Every structure is written in structure tokens, then in C-alpha cells.
Amino acid sequence: MAQSSGCRGDEVVPDRYNPVLMFENDAHSVRYSTIRPSLAQKSAEALVRLLGSGKPTLWIDVGCGPGTSTKKFIGHADKIIGVDVSESQIKVAKETIIHPSVSFVRGSCEKLPAEDGTVDIITAVQAAHYFDLPAFYKEAERALKPGGILAVIHIHHFADSTLLKFLDVIRKFREYISSYDNAKAYKVYSNHYKNFILPFEDQHRFVLHETYKKRFDDIIDVYTTLAHFENIRKAEGLTVEEGRNFLVKKFESLGITESDKEEAFSLTDDTYILACRK
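In this report, the structure presented in the accompanying data block is examined. (Residues numbered from 1 in each chain as written. Predicted model: local features only at pLDDT ≥ 70, side-chain atom pairs only at ≥ 80, totals over all residues. Heavy atoms only, no water.)

**Some points on the overall build of the protein chain**
Stage number 1. A count of helices and strands for the protein chain gives 12 helices and 7 strands.
Stage number 2. Here the C-alpha radius of gyration of the protein chain, 18 Å, is about what a compact globule of 278 residues would show, namely 19 Å.
Stage number 3. Principal axes of the C-alpha set define a box for the protein chain whose edges measure 55 × 40 × 35 Å.
Stage number 4. A burial count over the protein chain gives 55% of its 278 residues as buried.
Stage number 5. For the protein chain, contacts bridging at least 24 residues in sequence account for 78% of all contacts bridging at least 6.
Stage number 6. For the protein chain, the exposed area adds up to about 12100 Å²; of that, 51% sits on carbon and sulfur atoms.
Stage number 7. Between the mean site of the 36 positive side-chain charges and the mean site of the 39 negative ones, the protein chain shows a separation of 1 Å. (Helix = DSSP H or I, 4+ residues; strand = E, 2+ residues; numbered from the N terminus. Rg over C-alpha atoms; globule rule 2.2 N^0.38 Å. Buried < 20%, exposed > 50% of the residue type's maximum accessible area, 1.4 Å probe, protein only. Contact = heavy atoms within 4.5 Å. Areas by Shrake-Rupley, 256 points an atom, 1.4 Å probe, with all protein chains shown as cover. Lys, Arg positive; Asp, Glu negative; His and termini not counted. Charge placed at Lys NZ, Arg CZ, Asp CG, Glu CD.)

**Structural notes on empty space enclosed by the protein**
Stage number 1. Taken as a whole and judged by the stated rule, the model has 2 cavities of 30 Å³ or more.
Stage number 2. When its volume is computed, the largest cavity comes out at roughly 80 Å³.
Stage number 3. Lining the largest cavity are Tyr32, Arg36, Pro37, Ser38, Gly63, Cys64, Thr68, Ser69, Val125, Gln126, Ile155 and His157.
Stage number 4. Residue composition of the lining of the largest cavity, grouped by class: 5 nonpolar, 6 polar and 1 charged.
Stage number 5. There is about 30 Å³ of room inside the second largest cavity.
Stage number 6. Around the second largest cavity sit Phe173, Ile177, Tyr223, Leu226, His228, Phe229, Ile232 and Leu247, which together line it.
Stage number 7. Secondary structure elements with two or more residues in the lining of the second largest cavity: α7 (164–177) and α10 (227–236).
Stage number 8. Of all the elements, α10 adds the most residues to the lining of the second largest cavity, at 3 residues.
Stage number 9. Grouping the constituent residues of the lining of the second largest cavity by class yields 7 nonpolar, 1 polar and no charged. (1 Å grid on protein atoms, 1.4 Å probe; cavity = no way out; pocket = protein on both sides within 12 Å on 5 of 7 lines; lining within 4 Å. Points joined across faces, edges and corners; volume = space filled by probe spheres on them. Nonpolar A, V, L, I, M, F, W, Y, C, P; charged D, E, K, R; others polar.)

**Let's talk about helix α11 (residues 240–253)**
Side chains that are three or four residues apart share a direction in an α-helix, a result of its 3.6 residues per turn.
Stage number 1. Over its 14 residues, α11 runs 20 Å from end to end, which matches the ideal 20 Å to within 8%, given 1.5 Å per residue.
Stage number 2. When we look at burial in α11, the residues that qualify are Gly243, Arg244, Leu247, Val248 and Phe251. Within α11, the buried residues cover an arc of 145 degrees as seen down the axis, which keeps them to one side. For α11, the exposed residues lying more than 90 degrees away from the buried face are Lys249 and Ser253. (Expected span 1.5 Å × (residues − 1). Arc of directions from axis to C-beta.)

**Things to note about the pairing of strand β2 (residues 79–84)**
Stage number 1. Across the 6 residues that make up β2, a large majority, 5, are buried.
Stage number 2. Pairing geometry for strand β1 (residues 58–62) and β2, over 5 bridges, is parallel. Note that in β2 the partner of Trp59 across the bridge is Ile80.
Stage number 3. Relative to strand β3 (residues 102–106), β2 is paired through 5 bridges, and the arrangement is parallel. Looking across to β3, one finds that Asp84 is bridged to Arg106.
Stage number 4. This β-α-β element, β2 to helix α5 (residues 87–96) to β3, shows right-handed connectivity. (Pairing = 2+ DSSP bridges. Right-handed = clockwise from strand over helix to strand, strands pointing away.)

**Some points on the pairing of β1**
Stage number 1. Among the 5 residues that make up β1, 5 are buried, leaving the element largely enclosed by the rest of the structure.
Stage number 2. In terms of strand pairing, β1 meets strand β4 (residues 119–125) through 4 bridges, oriented parallel. Paired with Trp59 across the bridge in β4 is Ile121.

**A short note on the nonpolar core**
Stage number 1. In terms of nonpolar packing, the biggest core is built from 31 residues, with Ile60, Ile122, Phe131, Phe136, Leu150 and Phe196 touching the most fellow members.
Stage number 2. Among the secondary structure elements, those contributing two or more residues to this core are β1, β2, β4, α6 (133–143), β5 (144–161), α8 (183–189) and β7 (265–277).
Stage number 3. Of the residues forming this core, the biggest block, 5 residues, is contributed by α6.
Stage number 4. Residue contacts for Ile122: discarding those within four places in its chain leaves Ile60, Val62, Leu112, Phe136, Ala140, Ala143, Leu144, Ile149, Leu150 and Ala151.
Stage number 5. Listed in part, the 26 residues of the second largest apolar core include Leu39, Leu50, Ile90 and Val102. (Core = buried A, V, L, I, M, F, W, Y, C linked by side-chain atoms within 4.5 Å.)

**Quick notes on the environment of Asp218**
Stage number 1. Considering the arrangement of structural elements, one finds Asp218 in helix α9 (residues 216–223).
Stage number 2. The exposure class assigned to Asp218 is partly exposed, which follows from its relative accessible area of 30%.
Stage number 3. The sequence separation of Asp218 and Ile35 amounts to 183 residues, and the corresponding C-alpha distance is 8.5 Å.
Stage number 4. Side-chain polar atoms of Asp218 contact the backbone nitrogen of Arg215, separated by 2.9 Å. (Polar contact = N/O pair within 3.5 Å; in protein donor to acceptor, adjacent residues only side chain to side chain.)

Below you can see the structure in the form of C-alpha cells.
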């Protein structure tokens, strides 16, 4: 097992914002489940190919939230377990994703629901920057089969767009909302896990792209699913609708016009997959 220094758990445990509390809200969990774009469609196929031993028997998705990523793995493993610390997120996942191969449990990255050496693939999508990494890596080493895959995944939403002005606006907006996130976690994911240290020596890093069309209102809806949005609402004392209007006005102050709001334009999400083999 490689040394897991560099991006250690004690550096990414939230100080100002607790990730459990950020997502412990049923209404927010529902918005997350129904609106948030997920990882690239071909991510599951890429990880199964990397595993190289046929269809996995057990896949654990850690920090699964309301199952947004977990449902993308359906059909690619005999059994899939989504794990999250948030009771609200797990509740929504159980209510909205019903499939015989999938189950959801409340738990942490430090204690996975699996016997020693029984898991083929462990994923953490948009979550590992909040983990106690040394503890997570130790648990992953225990649970994975020899040759099993551990993958930490970051999704860079709106990485590219046919509306060039939008890219500059979104860059400035991200800088603004970063003050409403844990600074250490933001530093890890804002460079797309570039300096993320993996625990095993056999490592594979690749990027998948997915393009789709959205209007401005759709983009605002996506931002209401982020942890930052809940933190902004709490800090400013806003209702959900007031918070949404707050976001619209912020985008307008950065240069979005009424004509921009009417246009449907192409957006590309980049899914960064950092995988390693036990």
C-alpha cells in the first residue's frame, strides 16, 4: 500500500461547514436526486474494463448521496451497495431507486458493509475530498479483493460551453461560492483531484466528457443542489425561492443578460476518474 500523505484526512475534515449537516435536509436531497447531473454514462463500463475479470459481484459506492451516481452502476455488478453518512440522502435514495441489485445503508467511509476481501470495486463520487483518507484507504484495503479497484471521481460541471461568455461568468461565480465551502476541501476538488494521492501503486487516471443542452434556468436549478447553496441560504437567512433568486441576481451581476437566459446552449461536464488496483 502506497503512503497516503499529501491529501490527508485531517486536512480535509470540514472546519466551517460540516458535510453531514450540509446534506441533512430532505428537500435538498430531493433536489439533488432529481436535478444534479451525474458522472459520464461510460464511467461504469470504464471501471469494469479496468477491473478486467468480468462482471463484478460486489460494488460499493461510498458517499453515494441520494444515489445519483449509484444508479449509473446498475447492470454492471451483481450487487451494488450505496453508503452515505446522511440519513436524509439515504432516505431519498431508498425511495427513488428501487432495483433488486441495489441497496442503500447509512454508514461511513471508515466502516464499509462488506467482509474482508469481498468487494470488486469501490467508488467515491464527488465525496472523497471530505473523507478521512487514511481511514478510508485502510478500510478499502481490507474490503477489496486482490486486484480490486478503488476509484475516486470528481465531476467538473460546466467545464466547457458553446456560450463562451458563460465560461468566464461561471469561473467568477465559482470563486464567489467557494467562500461558502470548506476551504481545504475546495482546494482539493477545484483542481480536479490533480494532486490527490491514491493508496495503491497500480494507478490509472482518465477523463470522460459528456455534452448536453441547458437553459439558464436549468443551470440555476443545478446550483440549488450544491452544498454551497444550503450554506448561502443559512448564512443569508433565505428561503429556497429567495436563495434561488439570490443566485440569479449574482449571475446577472457577473454579466448574464435576459437574452442569454432565453438561449439553450451546449455544456460539457468532465468526469475525472482516479483509479488504483489493490
